Amino acid sequence: MTDSKYFTTTKKGEIFELKAELNSDKKEKKKEAVKKVIASMTVGKDVSALFPDVVNCMQTDNLELKKLVYLYLMNYAKSQPDMAIMAVNTFVKDCEDPNPLIRALAVRTMGCIRVDKITEYLCEPLRKCLKDEDPYVRKTAAVCVAKLHDINAQLVEDQGFLDTLKDLISDSNPMVVANAVAALSEIAESHPSSNLLDLNPQSINKLLTALNECTEWGQIFILDCLANYTPKDDREAQSICERVTPRLSHANSAVVLSAVKVLMKFMEMLSKDLDYYGTLLKKLAPPLVTLLSAEPELQYVALRNINLIVQKRPEVLKHEMKVFFVKYNDPIYVKLEKLDIMIRLASQANITQVLAELKEYATEVDVDFVRKAVRAIGRCAIKVEQSAERCVSTLLDLIQTKVNYVVQEAIVVIKDIFRKYPNKYESVIATLCENLDSLDEPEARAAMIWIVGEYAERIDNADELLESFLEGFHDESTQVQLQLLTAIVKLFLKKPTETQELVQQVLSLATQDSDNPDLRDRGYIYWRLLSTDPVAAKEVVLAEKPLISEETDLIEPTLLDELICYIGTLASVYHKPPSAFVEGGRGVVHKSLPPRTASSESTESPETAPAGAPPGEQLDAVPTQGDLLGDLLNLDLGPPVSGPPLAASAVQMGAVDLLGGGLDSLIGAPSFVAPPAAAVPANLGAPMGSGLSDLFDLTSGVGTLSGSYVAPKAVWLPAMKAKGLEISGTFTRQAGTISMDLQLTNKALQVMTDFAIQFNRNSFGLAPAAPLQVHAPLSPTQTVEISLPLSTAGSVMKTEPLNSLQVAVKNNIDVFYFSTLYPLHILFVEDGKMDRQMFLATWKDIPNENEAQFQIRDCPLNAEAVSSRLQSSNIFTVARRNVEGQDMLYQSLKLTNGIWVLAELRIQPGNPSFTLSLKCRAPEVSQHVYQAYETILKN
């Protein structure tokens, strides 16, 4: 009979019976009783009263019985800590049992009993098991250390278990190595600053050797550990890649994705000219394709990861388009993901295949999928110019089907095609107008209204069409109302005599009858523009629009680099960094790809177009309506208007969009050409806001750099604390090199020699890049000045405050210690100027809770002087606007560890107080960046 019989009993008062059976002399009866106890415990009955009786059964040679008792013990030790101590002696005995299975069982159970009183008794048995002759016991003991660390971290450190764990990385058994790595990784995650896995080429070699022989989960632990290592050069990176590549053919998808993560990370260090780089790209494709033949859930995870890989390196899968074609029985979540990747891989070579597929998909029954397919056809037209005509004819065929939701999606994407290829496909407008009555979705109605307004001069009855929309103006969504307002103003500027009544009607509806502040503000702006300066109104409203780009949904580059480091984890499925969804941020470390070596080209800097963009073409970000920053950059477009000033609310609301084309029409500024350096002084005094060509004032800060601000030397170590040695110093950054400028003075009565310096681990990895060289002995009363070059490649540990540095200086007399604070601006790198479109997209992408505001007081500088002074310390002005008389500077800077900080600086002429808003993915640096601003601007 099976063990299910133990779960069927409903007898009452059985505790006494079980107590008697547990104390029986017969082994079989005792085992039966323990099984009954475990069954009762499993179904939720309280059998804790039997604790002493069950613990007495531990003294047995029967492995099955021992396992059952240990199971009971794990469950009830927490509620009966005093009784649990009774079991300690048996644990100690079992840890010395001749049977390795019993030794391992004892050490495993010890790790699961989360009772503080017991843990100190378990240290000795655990120490023995960590050095056991049997690898099965050692691997179990390694995991036990991680569990014990979770209960009492201090105890584990005091007992030296962490050092023993590090030694196990060199163990002869691969499973022991894997478990040691897993345990150390687990501990390191909960203590990011501990630097436990201090990897070096020797330990990496041991891990790679163990990789070939351990189980699949062991391989995943080792691969994840390798992914956190940064090779010293491209040769080491290539060597590791060669030894990891065989894991790509593993049957377990988790092993494959972990291997892909390691290769994607280390490829960053390889030159694209290497033959091996090309070979590696070819080897990455087949395993990713194989993952798509698994179950739908695994396929989805694989597709989400492939989406990241294709954005970073589209060349990996450029020949594998067919595997992303949708199957009839794919679940909707797989279909939509495949569709997304198809668009990313679409190119001139495969567009015929892709379009044929998409046209097929557009006739499916699944509404969401059909919508996405129609949008995909539009994206193909925008991405691959040669296919645009075929895409438009395909969309027209779909419109002829008269299927409501297909027609509406087609109109939305045709609007984008008009934006990309002006004056090319306008002949289809007549067909679109025929379907006007069937449009009921806000986005489609708004798109159709935009088309009618934009091409009003080509549509004879444009005024009638727009008037038909106006009849139900208050029932429309905000999106449609805003678009209708702009379209009728455009129509009026093109046909003023016929539409005067219409424009007055819409302005009245927008300003007097509407509760929506966005609509009201836009109405007032148009009203004032039209009533005071119609020429300026024409320049603003009918301004030429920049072409839109094909990829508006690319992940921002720094976030993409971070997500590549998390391939195969939940972050790669959510497409969000762990800090966005892990509560409390415990164990969340910001990761980034290793820097490219000098020989390889840096293709992913923010100044260059993301992967997939044609060379020489910058991608335009298209921010949404509510993007405050985008709106502030867009407020001040036309020539100065001599009418009444704009209502203050228009500036504060931040959702005013002056042009019907949306914010994207304001970002690119196609007519803008940066003036030559010689012309700069003449332009500095030019008024802002004189048309689109002045949208971004990039004249500030041009010219020679005066160098980063250097603080005067301060005494860091007084002579009385260092046996006569006085150390003063400051930090500098010149031409990309950080230095610690020291002044050593001998105030003792003896000569000082043999100087050396060392830094403790710190937040940004500052470390001496060369030895401290005092070329001659330092005689009494003598002073020597030394410039010590620093690097940021040292060990990293978060310090409090973030910019503190602990230093040890040794000479022939003694070792002396002191602590100092370094100004953060020495870590601002020279390539910290972010591309304008990327600035808008990144500002929007960083959560609002990461924004911090500060006041900089008593600073009498004007905007030009501020911009110039900050640029000399590598804080770059990306854009500049004048809003309501306030100068707004939008700035970016980048720290040596790759963290970007975006800033908005508001300067009111004549007011010495500035408002600084900072946004950053690591908000803890904002306070120190603000201090850097203060230091630079006030000195």
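Use the structure listed above.
Basis of the calculations
Residues numbered from 1 in each chain as written. Predicted model: local features only at pLDDT ≥ 70, side-chain atom pairs only at ≥ 80, totals over all residues. Heavy atoms only, no water. Helix = DSSP H or I, 4+ residues; strand = E, 2+ residues; numbered from the N terminus. Buried < 20%, exposed > 50% of the residue type's maximum accessible area, 1.4 Å probe, protein only. Contact = heavy atoms within 4.5 Å. Areas by Shrake-Rupley, 256 points an atom, 1.4 Å probe, with all protein chains shown as cover. Pairing = 2+ DSSP bridges. Axes fitted to C-alpha atoms, helices over the stretch in contact; angles between N-to-C directions. Phe/Tyr/Trp six-rings, centres within 6.5 Å; stacked < 30°, edge-to-face > 60°. Lys NZ or Arg CZ within 6 Å of the ring centre and 35° of its normal. Salt bridge = Lys/Arg side-chain N within 4 Å of Asp/Glu carboxyl O. Patch = residues over 30% accessible without salt bridge, like charges linked within 9 Å, V, L, I, M, F, W, Y side chains within 5 Å. Lys, Arg positive; Asp, Glu negative; His and termini not counted. Charge placed at Lys NZ, Arg CZ, Asp CG, Glu CD. Core = buried A, V, L, I, M, F, W, Y, C linked by side-chain atoms within 4.5 Å. Domains from an automatic or database assignment. Arc of directions from axis to C-beta. Parallel < 35°, antiparallel > 145°, perpendicular 65-115°, else oblique. Left-handed = near helix turned anticlockwise from the far one by under 90°. Nonpolar A, V, L, I, M, F, W, Y, C, P; charged D, E, K, R; others polar.

**Focus on the overall build of the chain**
A tally of helices and strands in the chain yields 39 helices and 13 strands. Per-residue burial over the chain gives 54% buried out of 939 residues. The long-range share in the chain, meaning contacts at least 24 apart out of those at least 6 apart in sequence, stands at 68%. Just so you have it, the chain exposes about 40800 Å², and 51% of that area is on carbon and sulfur atoms.

**Some details on the sheet that holds strand E10 (residues 876–883)**
With antiparallel pairing, five strands are arranged side by side in an open sheet as E9-E13-E12-E11-E10. Each of the sheet's edge strands pairs with one partner strand only, and the pair in question is strand E9 (851–856) and E10. For this sheet, the mean inter-axis angle between neighbouring strands, taken without regard to orientation, is 20°. Relative to strand E13 (residues 914–920), strand E12 (residues 900–907) runs antiparallel, the two being bridged by six bridges.

**Here we look at the packing of aromatic side chains**
The full count for this structure, using the stated rule, is eleven aromatic pairs. Here Phe854 and Tyr930 contribute two aromatic rings whose centre-to-centre distance is 4.5 Å and whose plane-to-plane angle is 5°, an arrangement assigned as stacked. Taken as a pair, Phe854 in strand E9 and Tyr930 in helix H39 (residues 926–938) lie far apart in primary sequence, 76 residues in all. Residue classification places Tyr930 among the buried residues on the basis of a relative accessible area of 15%. An aromatic cluster is built from Trp716, Phe731, Phe818 and Tyr822, whose rings are joined through pairwise contacts. Above the plane of the ring of Phe369 lies Lys335, whose end atom (NZ or CZ) is 5.2 Å from the centre.

**What about the pattern of salt bridges?**
The full count for this structure, using the stated rule, is 34 salt bridges. Residues Lys261 and Asp224 are paired through a salt bridge, measuring 3.0 Å at the closest nitrogen-oxygen approach. Of this pair, Lys261 sits in helix H16 (residues 253–267) while Asp224 sits in helix H14 (residues 216–227); the two residues are 37 residues apart in sequence, bridging distant segments of the chain. Judged by its relative accessible area of 4%, Lys261 falls in the buried class. A salt bridge links Lys415 to Asp416; the nearest nitrogen and oxygen atoms lie 4.0 Å apart. Here the salt bridges do not stand alone but share partners, grouping Arg371, Arg375, Glu409, Glu441 and Glu443 into one network.

**Some details on the sheet that holds strand E4 (residues 756–759)**
One open sheet accounts for three strands, arranged E4-E7-E8; its pairing is antiparallel. Lying at the two open borders of the sheet, with one neighbouring strand each, are E4 and strand E8 (815–821). The mean angle between the axes of side-by-side strands here comes to 25°, regardless of whether they run parallel or antiparallel. Pairing geometry for strand E7 (residues 804–810) and E8, over seven bridges, is antiparallel. Paired with Leu805 across the two strands is Thr820, which belongs to E8.

**Some words on a negative patch on the surface**
Together, Glu464, Glu467, Glu471 and Glu501 make up a region of like negative charge exposed at the surface. Residue placement: Glu501 occurs in helix H28 (residues 500–511). For Glu501, a relative accessible area of 68% puts it in the exposed group.

**What about the nonpolar core?**
Formed by 217 residues in total, the largest nonpolar core has its most connected members in Tyr72, Leu126, Val244, Leu358 and Phe418. Both of domain 1 (346–439) and domain 2 (441–532) provide at least three residues apiece to this core. Look past the residues within four positions of Leu126 in its chain and what remains in contact with it is Val107, Met110, Ala141, Cys144, Val145, Leu148 and Phe161. Listed in part, the 63 residues of the second largest apolar core include Met752, Phe759, Leu766 and Leu778.

**A few points about helix H26 (residues 462–470)**
Given 3.6 residues per helical turn, the α-helix brings residues three or four places apart onto the same face. Among all positions in H26, only Ala462, Leu465, Leu466, Phe469 and Leu470 are buried. The arc enclosing the buried residues of H26, seen along the axis, measures out at 145°, which places them on a common side. Residues of H26 that are buried in the fold lie against helix H24 (429–434), helix H25 (442–454), helix H27 (478–494) and H28.

**A short note on the packing of H16 against helix H17 (residues 275–291)**
Here H16 crosses H17 at 155°, and the two axes come no closer than 11 Å. By the angle between their directions, the pair H16 and H17 is classed as roughly antiparallel. Of the two possible hands of crossing, H16 and H17 adopt the one that is left-handed. Where H16 approaches H17, its residues Ser253, Val256, Leu257, Val260, Leu263, Met264 and Met267 are matched on the opposing element by Tyr277, Leu280, Leu281, Leu284, Pro287, Leu288 and Leu291. Residues that form the contact of H16 with H17 fall into these classes: 13 nonpolar, one polar and no charged.

Everything listed here is a matter of geometry and, on its own, says nothing about what the molecule does.
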